[in-house]
Amino acid sequence: MICDSVASRRKRKRALPDVVAGLGAEPHSNSLRIQKWLSMSGVASRRKAEEMIVEGRVCINGIKVTELGAKANPQNDLVELDGKIVEIVQEKIYIMLHKPEGVVTTVTDPFGRATVMDLVPNQMRLYPVGRLDFDTSGLLLMTNDGEWAQKLTHPKYEVFKTYIAMVKGIPATESLQKLRQGIVIDGKKTAPAKIKLLKNEKKSAKSKMIITIHEGRNHQVRKMCEAIGHKVITLKRIDVGGLELGALPKSKWRHLTAKEVKNLVK
Ligand code: URA
């Protein structure tokens, strides 16, 4: 059954997500049962909300739902009660996680590998801001605030990220200069980077470098190092936009302070 408010008509033009009877809702997805949505928005208690659903007073993206298992996602879906939009009031959460190696930076993994979601409480309904490779450790921001996440990842904001890379061999001064000036990877030159050679261990023939970039291209730091002939052995992100990982132990997370949240998106 179709609901026919103006908002519904507008919304119906968009794809229908996992709304019908909770089908397709991932364990960690941000979808909520409609009775929870209505109760979180202060419209009714959960019990009363269930009655409203069964009575056919609720629409998701313009489609009437009468099943109590139906779910909708606050980021994509539009819920109406008696033709009026019901906005969900969601507390904004911002955390930093010290991502360990061997964990994927996605909400779910088709291969059943551990994800960063396994390291934060389920009920927080967060998602990662940008990505770190499976083998990269370090600072990963997570939030339920889409706008904030968008600002941190959009190229136009040029948020600087700093990595410690342990590479094979000892890069020559000219190679480091190439990285600083920008080097072609995947057919496109990288933006200038800050590069500091911390120390090289002549015996084991490996070097530690501090690399700061603002782009977020796929495997960028690994590819940059490979482009000068030095394979990355380990990679750890220690700073995003001036926010430092500090002494947070691996696999642990902490909330950001209000000041940290604000400073990141100036
Ligand atoms: N660059 C990489 O190569 N890998 C990461 O995980 C992050 C930046």
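Here goes a summary of the coordinates provided. Per-chain numbering applies: the sequence of each chain, read as written, is numbered from 1 onward. Given that the model is predicted, a residue must reach a pLDDT of at least 70 before its local features are reported, and side-chain atom pairs must reach 80 or more before they are shown or counted; all residues, however, enter totals for whole chains, interfaces and linings.

1. Observations concerning the overall build of the chain
Next up, step 1: Runs of E in the DSSP output that reach at least two residues are strands. Runs of H or I that reach at least four are helices, and both are numbered from the N terminus. On a plain count of helices and strands, the chain comes out with 7 helices and 17 strands.
Next up, step 2: Here the chain holds 266 residues, and the buried ones make up 29% of them. Neighbour density around each residue's C-beta defines its exposure: 20 or more other C-beta atoms within 10 Å make it buried, 12 or fewer make it exposed, and counts between make it partly exposed, where C-beta atoms are placed from the backbone.

2. A few points about the pairing of strand S10 (residues 161-168)
Next up, step 1: Note: S10 against strand S14 (residues 206-213), 8 bridges, orientation antiparallel. Bridging across to S14, Lys 168 finds its partner in Lys 206.
Next up, step 2: A pair of strands is labelled paired if DSSP reports no fewer than 2 bridges between them. The pairing of S10 with strand S15 (residues 232-240) spans 7 bridges and is classified as antiparallel. Bridging across to S15, Ile 164 finds its partner in Lys 236.

3. Some thoughts on the site of the ligand
Next up, step 1: Here, nearness means that the C-beta atom of a residue, built from backbone geometry, sits within 6 Å of the molecule or strand in question. Around the ligand sit Leu 132, Asp 133, Thr 136, His 219, Gln 220, Val 221, Arg 222 and Leu 235, and that is every residue in its neighbourhood.
Next up, step 2: A total of 3 residues in the shell around the ligand trace back to one element, the largest contributor, which is helix H6 (residues 220-227).
Next up, step 3: Classifying every residue of the shell around the ligand gives 3 nonpolar, 3 polar and 2 charged. In this classification, Asp, Glu, Lys and Arg are treated as charged, Ala, Val, Leu, Ile, Met, Phe, Trp, Tyr, Cys and Pro as nonpolar, and every other residue, Gly included, as polar.

4. Some details on the sheet that holds strand S6 (residues 84-85)
Next up, step 1: The strand order across the open sheet formed by 4 strands is S3-S2-S5-S6, and the pairing between neighbours is antiparallel. One side of each edge strand has no neighbouring strand; the edge strands of this open sheet are strand S3 (63-65) and S6.
Next up, step 2: As judged from the 3 bridges shared by strand S2 (residues 58-60) and S3, these two strands associate in the antiparallel manner. By the bridge assignment for S3, Ile 60 is matched with Ile 63.

5. Some points on the nonpolar core
Next up, step 1: Among buried residues, those of type Ala, Val, Leu, Ile, Met, Phe, Trp, Tyr and Cys that are joined through C-beta atoms within 7 Å form a set called a nonpolar core. Counting 18 residues, the largest nonpolar core has Leu 97, Val 116, Val 129, Leu 140, Leu 141, Met 142 and Leu 152 as its most contacted members.
Next up, step 2: Within the residue set of this core, elements represented by two or more residues are strand S7 (94-99), strand S9 (136-143) and helix H4 (146-153).
Next up, step 3: Take this core: its biggest share by element is 4 residues, from S9.
Next up, step 4: Among all residues touching Leu 152, those that are not within four sequence positions of it are Val 129, Gly 130, Leu 141, Tyr 157, Val 159, Gly 241, Leu 264 and Val 265.
Next up, step 5: In terms of nonpolar packing, the next biggest core, distinct from the first, is built from 16 residues, Cys 3, Val 65, Ala 72 and Leu 78 among them. We call two residues in contact whenever the C-beta atoms placed from their backbones are within 7 Å.

6. Some words on unusual backbone geometry
Next up, step 1: Despite not being glycine, Asp 82 shows a phi value in the positive range, around 50°.
Next up, step 2: Summarising the element assignment, Asp 82 is placed in the loop between strand S5 (79-81) and S6.
Next up, step 3: Look at Asp 82 and you get partly exposed, because 13 C-beta atoms sit within 10 Å.
Next up, step 4: For Ser 251, which is not glycine, the phi torsion reads 75° and is therefore positive.

7. Brief notes about the environment of Ser 137
Next up, step 1: On the secondary structure map, Ser 137 appears in strand S9.
Next up, step 2: Remark: the alpha-carbon pair of Ser 137 and Leu 235, spanning 98 residues in sequence, is separated by 6.5 Å.

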